[in-house]
Structures are given as structure tokens and as C-alpha cells.
Amino acid sequence: MSDVITTPYSIAQNVRQCCLLEPVSDSARLDTEILLAHALEKNRTYLYTWPEKLLTVEQQTIFNQLMQRRLNGEPIAYIVGEKEFWSLALFVNESTLIPRPDTEVMVETALSLFVDDEPEKQRSVVDLGTGTGAIALALASEKPCWDIIAADNSVAACELAKKNQQRHQLHNVTVLCSDWLVAVDVADVDLIVSNPPYIHENDPHLFQGDVRFEPHSALTAKNNGLADIETIVLQAKHVLRPSGWLLIEHGYQQSAEVKEILQKNQYTLCRTINDMAGQSRMTMGQWIA
Ligand SMILES: C[S@@+](CC[C@H](N)C(=O)[O-])C[C@H]1O[C@@H](n2cnc3c(N)ncnc32)[C@H](O)[C@@H]1O
């Protein structure tokens, strides 16, 4: 996209420019459609309804700039400022991780633990390292009677989570700035969920694809990526009620280590859950005081 097109193309002609993105994206056509719809401030259906419609010069310029950003490798979610998680459209920005579809397994698992609850049963829940608020807000959308604290140590991430909470009017979520549980004043918690940083600081994946644009503070942890998990496991014991659950997302090669950390800290019924690709990506344990 180095040649800036000043003569506007039609919608269909612009969609055909998706081939430009093929070297940088596995979903070149979808990316192009999302960027085009964004430039036109329409949804993707509009592109199929009006394929012959010519863009204005301004729309064409905006679209070209968006395509250039994608060509530079920037993730689609950062370019359009939004990502869907659990059917909730969430604002995203460079202050934190873009929520991943695989993390929805954590939401499903958390909900399954309380499937026998009466419909209005109140539960106390904490989401540690909430980022956009994805996990907390998904749970809140399913369980309006749960009290959920969404904590992150990044002020910018907390602001973002708050914006998302307000966008979806999920009043049962309180966003809090905290270094893990340090500033979270709770006791007798039923459930703690966390997708913490867990990547080794020198992992080569940090320098590839979308991850290059995400903050290392959301991705990496010391001690082979396990330092934050160790802290969370340790701190959670002091706030979970007896029989409360801790659910932690981790790297696909870390399940044995995370299970060991949980067991060493006297959690029971420890087990690992696979993500949608069949990789072991989440381990949970129950706190029996
Ligand atoms: C992997 S991201 C997960 C974001 C979100 N929960 C999700 O699943 O999309 C980890 C988050 O943990 C936060 N974090 C890192 N260190 C933290 C700490 N010491 N205390 C609280 N949050 C922390 C980061 O700011 C980041 O938002």
C-alpha cells in the first residue's frame, strides 16, 4: 500500500486488495473487509449489499491508511479499537492484551462450577489481571447476581476495563487497580479467575505476529513465566473461602508445573482443561482450608 490511491475504488475493488495482506495475515480477506467496513463506518453486510458503490476520496484515504497499518503487522483489534469476547464487543488498546477466543474456555469452566446454584445465588468472584475486563464482564453478563472484582495493576488497563463495564452496563463488576490481591479487600471469595502473564521473558514468540504489539507487562513473567502464577496461587489462599476455586490460564507446556504449584500449596481436585485447539491451557484447584 505504499502507493496512496487518490482515485477512489469501488467497495468490490477494494475488497480485492486483500491479496496485499496475504504475506502478513492468514485471514487477509476477512481483515480487509473489517478494515473497509471500519473506514466506511458500516458493518460487513453493507460491503456485500453495495459492492459497486464508490468510496469518497476521504474514505479511500482512510482505508489505505488502515491497510498500511495492517501491512506493518499491527493487529486488527488495535487498528479498529475493538474485539468481541463472549459476544460482548470490547474496547481494546495497547495498554493490555487483546482477549483471545481460547480464554472463553475459562468463562465456560467457571460457570460450570456453579451450575447447580439457585438462579439468584450470590457469589463473590475476583478476576486478576483483568485487562479489557473480558473474563469479569463475560461472567457478569451471565450472572447478574454475582459480585465481581476486576483487578489489574495497569492504570490504563483499569480505565479500559471500566469503559467496557460502562459500555455494557454491567453494574455487578467493580474495577480496581491492584498488584494482584494486595489492594483487593475481600474474604470468603467463591472463585478467583486469572489469565496472568506467563511467557518466558526471552520467548521468541514475543517478536512474532500480533504479540509484537502487545505490552510485555501483560505477557511475560520471571521464573520461566511462572512467577506471577506462583504469587497468585499463594495470595489466593488468604481470600478464598473453604471449597473456593482458583482457575489459572497458562502456556500449553506449563500445566504440569502449575498443577505442582497448586498441589504444593494444598489446593485439591487440581485438574487441567484443554482449550479449543486441544492444548492444555488452564489449570484449576479447590482451596480446602
Ligand atoms: C495476559 S493479560 C490478560 C488480560 C485479560 N484477563 C484477558 O484474558 O484478556 C495479563 C494482565 O495482567 C496484568 N498484570 C500484570 N502484572 C500484574 C500485577 N502484578 N497485578 C495485577 N495485574 C497484573 C496486565 O496488566 C494484563 O492486563
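Residues numbered from 1 in each chain as written. Predicted model: local features only at pLDDT ≥ 70, side-chain atom pairs only at ≥ 80, totals over all residues. Heavy atoms only, no water.

Caption draft 1: Representation of unusual backbone geometry within the structure. The phi dihedral of Trp 86 is positive, around 50°, even though this residue is not glycine. For Trp 86, the position within the fold is in the loop between β1 (82-85) and β2 (88-91). (Helix = DSSP H or I, 4+ residues; strand = E, 2+ residues; numbered from the N terminus.)

Caption draft 2: Representation of the sheet that holds strand β6 (residues 189-194). Strand order in the open sheet formed by 7 strands is β5-β4-β3-β6-β9-β11-β10, with mixed pairing between adjacent strands. At either end of the open sheet lies a strand with only one pairing partner, and these are β5 (173-177) and β10 (267-274). Neighbour-to-neighbour, the strand axes of this sheet turn through a mean angle of 15°, independent of strand direction. Looking at chain direction, strand β9 (residues 240-249) and strand β11 (residues 280-287) are connected through 6 bridges and run antiparallel. Each residue of the ladder has a partner; that of Gly 244, found in β11, is Trp 287. Across the sheet, helix α10 (residues 227-236) lies against β3 (124-128), β6, β9 and β10, angled at about 170° from β9, the strand it touches most. (Pairing = 2+ DSSP bridges. Axes fitted to C-alpha atoms, helices over the stretch in contact; angles between N-to-C directions. Contact = heavy atoms within 4.5 Å.)

Caption draft 3: Structural view of the site of the ligand. Taken together, 19 residues form the shell around the ligand, and within it Thr 96, Gly 129, Asp 152, Asp 179 and Trp 180 come nearest. In the model, an oxygen atom of the ligand is placed 2.6 Å from a nitrogen or oxygen of the Asp 152 side chain. In this structure, a nitrogen atom belonging to the ligand sits 2.8 Å away from a side-chain N or O atom of Asp 179. Residue classes in the shell around the ligand are distributed as 7 nonpolar, 10 polar and 2 charged. (Near = heavy atom within 4 Å. Polar contact = N/O pair within 3.5 Å; in protein donor to acceptor, adjacent residues only side chain to side chain. Nonpolar A, V, L, I, M, F, W, Y, C, P; charged D, E, K, R; others polar.)

These values are about where atoms sit, not about what they do.
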